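Structural features, examined
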Amino acid sequence: VDARPDSNGDPTLTTALIDAVGADDVLIDADLRSGYETDWTGRYGGPSMAVIRPRTTDALAAVMRACNDHGAVVIPQAGNTGLVGGSVPPAGQESVQDSERPTVIVSMRSFDDIGPVDRDAMQVTVGAGVTLARWQAAARAAGLDAPLDFAARDSATIGGAIATNAGGSRVVRFGTMRQQVVGIEAVLADGSVVGSLSGLPKETAGMHWPSLLVGSEGTLGIVTRARLRLVPRFAHTVTAFVSLKSIGDALDLLRRLRTSGAPLDAVEVIQPEALDLVVDHLGRPSPAAPPSATGTVVIVECAANHDPTDELVATLADASIVDTAIATDPRQREAMLEFRDRMTEAIAAASTRLGTPTFKLDVAVPLSALDDLLSEAEQAALDDGCRLISFGHLAEGNIHLNHLGALDPDRIARRVLGEVARLGGTISAEHGIGRAKAAHLHLIRSADDLRAQQAIKTALDPNAILNPGVVIETRER
Ligand SMILES: Cc1cc2nc3c(=O)[nH]c(=O)nc-3n(C[C@H](O)[C@H](O)[C@H](O)COP(=O)(O)OP(=O)(O)OC[C@H]3O[C@@H](n4cnc5c(N)ncnc54)[C@H](O)[C@@H]3O)c2cc1C
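So, here is what we can say about the structure in this document. (Residues numbered from 1 in each chain as written. Predicted model: local features only at pLDDT ≥ 70, side-chain atom pairs only at ≥ 80, totals over all residues. Heavy atoms only, no water.)

A few points about the overall build of the protein
Each helix and strand in the protein was counted, giving 16 helices and 17 strands. A compact globule built from 477 residues would reach a C-alpha radius of gyration of about 23 Å, and the protein, at 23 Å, matches this within 12%. Overall size of the protein, expressed as C-alpha extent along the three principal axes, is 70 × 55 × 45 Å. Within the protein, the proportion of its 477 residues that are buried is 55%. Working note: accessible area of the protein is about 19700 Å², and carbon and sulfur atoms make up 49% of it. The average position of the 43 basic charges and that of the 61 acidic charges among the side chains of the protein differ by 2 Å. (Helix = DSSP H or I, 4+ residues; strand = E, 2+ residues; numbered from the N terminus. Rg over C-alpha atoms; globule rule 2.2 N^0.38 Å. Buried < 20%, exposed > 50% of the residue type's maximum accessible area, 1.4 Å probe, protein only. Areas by Shrake-Rupley, 256 points an atom, 1.4 Å probe, with all protein chains shown as cover. Lys, Arg positive; Asp, Glu negative; His and termini not counted. Charge placed at Lys NZ, Arg CZ, Asp CG, Glu CD.)

Comments concerning the layout of surface pockets
Regions of empty space are outlined by a rolling probe, equal in size to a water molecule, passed over the atoms. Roughly 1100 Å³ of volume is contained in the second largest pocket. For the second largest pocket, the lining is made up of 46 residues, of which Leu441, Leu450, Gln453, Val471 and Ile472 are closest to its centre. Those elements that provide at least two residues to the lining of the second largest pocket are helix 8 (209-213) and helix 16 (447-460). With six residues, helix 16 is the single largest residue contributor to the lining of the second largest pocket. Looking at the lining of the second largest pocket, its residues break down into 18 nonpolar, 18 polar and 10 charged. (1 Å grid on protein atoms, 1.4 Å probe; cavity = no way out; pocket = protein on both sides within 12 Å on 5 of 7 lines; lining within 4 Å. Points joined across faces, edges and corners; volume = space filled by probe spheres on them. Nonpolar A, V, L, I, M, F, W, Y, C, P; charged D, E, K, R; others polar.)

Some points on the site of the ligand
In the neighbourhood of the ligand, 36 residues make up the surrounding shell, with Pro76, Ala78, Thr81, Gly82 and Thr157 lying closest. A distance of 2.9 Å separates an oxygen atom of the ligand from a polar backbone atom of asparagine 80. Between an oxygen atom of the ligand and a main-chain N or O atom of glycine 160, the distance comes to 3.4 Å. Put simply, the parts of the chain that give the shell around the ligand at least two residues each are strand 3 (73-77), helix 6 (158-164) and strand 9 (222-229). With five residues, helix 6 is the single largest residue contributor to the shell around the ligand. In the shell around the ligand, the residues fall into 15 nonpolar, 19 polar and two charged. (Near = heavy atom within 4 Å. Polar contact = N/O pair within 3.5 Å; in protein donor to acceptor, adjacent residues only side chain to side chain.)

A closer look at unusual backbone geometry
Phi at asparagine 165 is positive, roughly 45 degrees, even though this residue is not glycine. Note on placement: asparagine 165 falls in the loop between helix 6 and helix 7 (171-174). Overall, asparagine 165 belongs to the buried group, its relative accessible area being 13%. A positive phi angle, near 50 degrees, is found at alanine 464, a position not held by glycine. Its location among the elements puts alanine 464 in the segment after helix 16. In this structure alanine 464 comes out as partly exposed when scored by relative accessible area, which is 27%.

Digging into the sheet that holds strand 8 (residues 193-196)
Here we have four strands laid out as an open sheet, ordered 5-9-7-8, and antiparallel in their pairing. Taken across any chain shown, the strands that pair with only one partner, and hence form the sheet edges, are strand 5 (123-127) and strand 8. Put simply, the sheet's adjacent strands are angled 15 degrees from each other on average, direction ignored. Strand direction decides the pairing type here: strand 7 (residues 181-187) and strand 9, joined by six bridges, are antiparallel. Looking at the pairing, alanine 186 lines up with valine 223 of strand 9. In the packing of helix 3 (residues 57-70) onto the sheet, contacts are made with strand 7, strand 8 and strand 9, and the angle to strand 7 comes to roughly 50 degrees. (Pairing = 2+ DSSP bridges. Axes fitted to C-alpha atoms, helices over the stretch in contact; angles between N-to-C directions. Contact = heavy atoms within 4.5 Å.)

Let's talk about the side chain of glutamine 77
Positionally, glutamine 77 belongs in strand 3. Judged by relative accessible area, glutamine 77 falls into the buried class, the value being 2%.

Concerning helix 11 (residues 309-317)
Taken as a whole, helix 11 has its buried residues at Thr309, Leu312, Thr315 and Leu316. Projection of helix 11 onto a plane perpendicular to its axis shows the buried side chains occupying an angular sector of 135 degrees, all on one side. Among the exposed residues of helix 11, those oriented more than 90 degrees off its buried face are Asp310 and Ala317. Summarising the contacts, the buried residues of helix 11 are in contact with strand 11 (236-244), helix 9 (247-260), strand 13 (296-304) and strand 14 (323-327). (Arc of directions from axis to C-beta.)

Quick word on the side chain of serine 351
As for its placement among the helices and strands, serine 351 is situated in helix 13 (residues 343-354). Taking the relative accessible area as the measure of exposure, serine 351 reaches 11% and is therefore buried. Setting aside residues up to four positions removed in sequence, serine 351 forms contacts with Thr356, Pro357, Thr358 and Leu404.

Describing the environment of isoleucine 247
Here isoleucine 247 is to be found in helix 9. Taking the C-alpha atoms as reference, isoleucine 247 lies 28 Å from proline 357; in sequence the two are 110 residues apart. Apart from residues no more than four positions distant in its own chain, isoleucine 247 is found in contact with Val269, Gln271, Thr296, Leu370, Asp371 and Leu374.

This is the structure we're talking about:
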């Protein structure tokens, strides 16, 4: 390994990092670093001095002490599937101060141990670098299941999901990552190790680290391990692909599904333009007749230990529907779910064809405001001349707005996020604020609130080494 510092490196920092993790896990070569320096979208990224791959909590603590002593910026990274620029260094410098500081990426992928499943507690302790798919597989091998699922499951990690308070399709039943973390271990900026992995269902014993760290996007500490909740593995699942005339009809259906008591596991929404894109990408027709341009598609899943098909079919029979396809066979269900699961991949492929990264927003509004939000987003896309691909998690009013070929992303962001705030929504439902939306956080949080958040950050990370510019802007506004 070539451990020579590059132009913005610091020889004493490099030596301290090598002492902490060993030369093989300090990547200084530009070729070795490059895969870590750009994010999944291709929109965000910038240079680092080195990528550090600690394998133990003690080694990570030593890395943090070295970086803190040298004032080096630390970018925590794991699966690098985050969509808001929080897992990679910024392209430009966040402030004059940062331009004088070396930046290291700390990759947490080596924290990949999975402990034994505790079937009595329905919990498991896993390393922060364990992927969602491996968490699910470990739970299923013990006859249980993981409560969280989304399309990036093979790369996205527990640490990343905790840091972003990830959501996905099963939030309607089990909540977000916040509800799954019953214990946590993390390393703070000065190398202190905090938290508890006991997972006790009742405990009031001072500061609750999971509450503070979930959703903190790598700005307060680096998560090393977590104790996670598990849920039952249901014997029967039924999936319905439902084509409807309008968002209003989709919300009507959601209301019926909820009040019927059907064992809902997912309620996803796909807008017509998005359906067209994924149909082209998969090269397969829509499972049910596609809706008109003003319609929508809802994918519903119910899961239980009895067969929930009749309950679901009865609820659908009462709803105002254009067409429905229903599947219970696992392979047919899988094929149906691909129209939602492979949407982000279809958008990435379209971006590659266009030669420009897609501008993504992840927002949520009260259900009563969903129609207004979609109209405003469509108008903003029309005025920009770009193509809007929207889909999301209907039950939470969470829509992913993807602007393909956007000419003026900043203008779209100001307009759409402003409307989201006016409608009582949030500018980040599950992807996080990252660097992408830090400048807009003031739309939904007061100046007092932001000052208090900054004070907590400064107390835990006085030298601002952890992900500066993520969540809270460091630039003067
Ligand atoms: C195809 C696709 C589909 C997606 N679908 C969903 C979805 O349905 N729901 C959803 O919520 N998200 C979704 N995402 C976004 C993304 O997968 C999640 O945000 C995920 O939680 C990120 O995990 P990661 O391991 O890739 O984290 P990274 O991208 O590496 O990092 C994300 C953030 O977490 C911080 N971080 C990472 N690891 C740690 C750690 N150990 N300690 C402290 N901070 C850390 C980073 O600094 C960064 O700010 C999707 C992404 C893709 C590409």
